[in-house]
Amino acid sequence: MDGTRPDAHPWPDVAGPTHASRPSPEPPSTDPAERRIESTWRFLVVAFALLMLVAIGDVLAGGGRPLALIVAGLVALFGIAVALHGRAVRDLEAGRRAEVESFARILHGLSHSVSADAIVTAIVDDLGEVTGADHTVIVRLRRASGTLEATLAGRGVGGPNATTAFPVSDLDPGAPLVVGAGGRPDQPAAEPARGAGPDPARRVAERIAARVRTVYGLTNTVAAPLEARGVPVGAIVLSRRTAEPWSAAALRLLATAGVEASSALSRIESFRAAETRAATDVLTGLPNRRYFDEYCALLANRRRALDGVGVLMVDIDHFKAINDRHGHDVGDVVLGAVARAIVSAVRDDDVPARYGGEEFAVILRNPTRQVAVDVAERVRRAVGALDLRDQQVSAVSVSVGVAVANGPDEPIDELIGAADRALYQAKRAGRDRVVAA
C-alpha cells in the first residue's frame with residue numbers, strides 16, 4: 001500500500017546579521033564552580049603580588065644577601081607556577097565550553113529530527129567534526145524492509161555517503177560473528193566500547209564495530225549502541241586513521257549521541273506506531289475509514305494523465321441476521337474472515353479497507369473495466385468459499401459494486417458514489433453478485 005507521508009518538516013534557519021559588528025563582551029559566568037575558580041585565581045594573583053613586593057623589599061633591605069636572593073627566586077618560581085596554572089584552567093574551561101556547545105549542537109539536531117533519516121543526518125553532520133573522527137558509520141535497522149543498513153560518511157569528503165547492507169543477525173548479541181574471507185571469525189573490536197560486558201546493546205555495538213572494520217577497512221574504532229524502546233537496532237561507530245587514543249571528551253560525546261539518538265528513534269517509532277494504530281481497524285487488521293479517506297485524497301493530488309483508478313464497494317449479505325442468530329462475537333469472526341478473503345483476492349497494488357460496519361472498499365490501481373470486474377468476482381468467490389462451520393455459520397456471501405474512472409479528471413468521491421450505487425443495485429438484484437456502474 002502506498003501510504004506515503006511526509007516524514008520531515010521544514011525548520012526555519014535563524015540567520016545572523018550580515019554586517020560586520022564588534023564582538024560583544026562575554027557575559028559573566030553564572031556557574032558557581034566557575035565563579036569559585038575565578039575567585040581562587042584572583043586570590044593567587046593578589047598573594048603572588050604581595051609576596052613579590054615582600055621579596056623585593058627584602059632583597060633591597062638585605063643588600064643582596066643569599067637568603068634574600070633565594071626567597072626572591074622561590075617567589076619567581078611561584079609566579080611561574082601560578083601563570084601555568086592559570087593557563088591550564090583557561091584551557092580546561094575552553095575545552096569544557098566546546099564540549100557543552102557540541103552537546104548542544106547534537107541535541108539540537110536530534111530534537112528537530114522527525115524521521116530516522118533525519119537522525120542519521122544530524123549525527124553524521126556533527127559527531128565526526130566534534131570528536132575528530134575521520135569516518136562516522138551509522139548502522140540501523142530499517143523495519144520497513146527488515147534490513148540492517150550501514151551509512152559511511154567521511155569528514156570533509158564531498159559526494160554521497162556510502163550505504164551497505166549488513167546481516168540482520170548482527171543485532172543478535174548471542175549469534176556467532178562470521179566476517180571476512182572464507183567465513184573467518186572476526187577479532188574483537190580494536191577499541192572496546194566503555195562498559196562492554198553483559199549489556200546486550202553494547203555487545204551488539206561491538207559486533208557491528210567488528211563488521212565495520214572488516215567491510216570498510218577502518219581502524220581505531222569506538223562504538224555506541226542504538227536502541228529503540230529498549231531493543232538494539234544498530235550502532236554508531238567512529239573511526240580514526242591514527243592510533244592515538246580517543247579523548248575522554250570524544251567518548252562522552254559519542255556515548256551521549258548514542259543515548260540521545262536512541263531516545264529520538266524510540267520517540268519516532270512510538271509516534272509511527274500510534275499513527276498505525278490510529279489508521280488500522282483493530283478487528284480486521286485492514287486500514288480503516290480514516291486511512292482510506294486520506295489515501296484517496298493523496299491519490300487525487302498525485303494522479304497523472306495515464307493513471308487509472310477503480311473502486312470496489314463490498315457488503316456482507318444478511319450480516320445483521322448473522323449477528324442476531326449467532327451473536328456479535330461470531331459476527332466479529334465473520335468480519336475478520338471476510339477481510340482476509342478480500343486481501344487474498346485483490347492484487348498487490350490494490351488497497352482494501354474497512355469502510356464501516358459490514359462494508360469494505362478497495363481502491364484498484366490502473367484497472368480496465370474488465371480487470372475491475374474480474375477482481376470483484378474473485379473477491380465474491382473467495383468469500384463464498386469461506387468455511388465457517390466451526391462458528392455454526394453455513395455460508396457467507398457478499399455483494400460488490402464496481403466503478404472505473406473514465407479519466408484522470410474524474411473525482412475520487414464521485415467514483416466511490418458510483419460504486420456504492422452499483423452495490424445497491426446488486427443488493428436489489430438478489431445479492432451475492434457483482435454489478436458494474
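Scroll up a little and you will see the structure.
Right, let's walk through the structure included here.

1. Let's talk about the overall build of the protein
The helix and strand tally for the protein stands at ten helices and ten strands. Put simply, the protein has 437 residues, and 40% of those count as buried. Of the contacts made within the protein by residues no fewer than 6 positions apart, 66% connect residues no fewer than 24 positions apart. Split by element, the accessible area of the protein, about 24,100 Å² in all, is 57% carbon and sulfur.

2. Quick look at the pattern of salt bridges
Scanning the model with the defined rule gives 14 salt bridges in all. Residue Asp 134 is joined to Arg 241 by a salt bridge in which the shortest nitrogen-to-oxygen separation is 3.2 Å. Separated by 107 residues along the polypeptide, Asp 134 in the loop between α3 (116–131) and β1 (135–142) and Arg 241 in the loop between β5 (231–239) and α5 (248–278) bring together distant segments of the chain. Exposure remark for Arg 241: the relative accessible area of 61% places this residue in the exposed category. The salt bridge involving Arg 380 is made with Glu 377; its shortest N-O contact spans 3.0 Å. Remark: Glu 377 and Arg 380 occur in helix α9 (residues 369–384); sequence separation between them is three residues, near one turn of the helix. When its relative accessible area of 22% is taken as the criterion, Glu 377 is described as partly exposed. What you see here is one network of salt bridges that share partners, running through Asp 170, Arg 207 and Arg 211.

3. A closer look at a nonpolar patch on the surface
On the surface, a cluster of nonpolar side chains totalling about 410 Å² of accessible area is made up of Leu 74, Leu 77, Ile 80 and Leu 84. Residue position: Leu 77 is located in helix α2 (residues 66–111). Owing to a relative accessible area of 54%, Leu 77 belongs among the exposed residues under this scheme.

4. Some words on the sheet that holds strand β10 (residues 434–436)
Spatially, β7-β8-β6-β9-β10 is the arrangement adopted by the five strands of the open sheet, whose pairing is mixed. Looking at which strands have only one partner, the edges of the open sheet turn out to be β7 (351–356) and β10. The sheet shows a mean angle of 20° between the axes of neighbouring strands, direction not considered. The sheet contacts of helix α8 (residues 328–345) involve β6 (309–316), β7, β8 (359–365) and β9 (398–404), and relative to β8 the element is tilted by about 10°.

Definitions and cut-offs
Residues numbered from 1 in each chain as written. Predicted model: local features only at pLDDT ≥ 70, side-chain atom pairs only at ≥ 80, totals over all residues. Heavy atoms only, no water. Helix = DSSP H or I, 4+ residues; strand = E, 2+ residues; numbered from the N terminus. Buried < 20%, exposed > 50% of the residue type's maximum accessible area, 1.4 Å probe, protein only. Contact = heavy atoms within 4.5 Å. Areas by Shrake-Rupley, 256 points an atom, 1.4 Å probe, with all protein chains shown as cover. Salt bridge = Lys/Arg side-chain N within 4 Å of Asp/Glu carboxyl O. Patch = residues over 30% accessible without salt bridge, like charges linked within 9 Å, V, L, I, M, F, W, Y side chains within 5 Å. Pairing = 2+ DSSP bridges. Axes fitted to C-alpha atoms, helices over the stretch in contact; angles between N-to-C directions.

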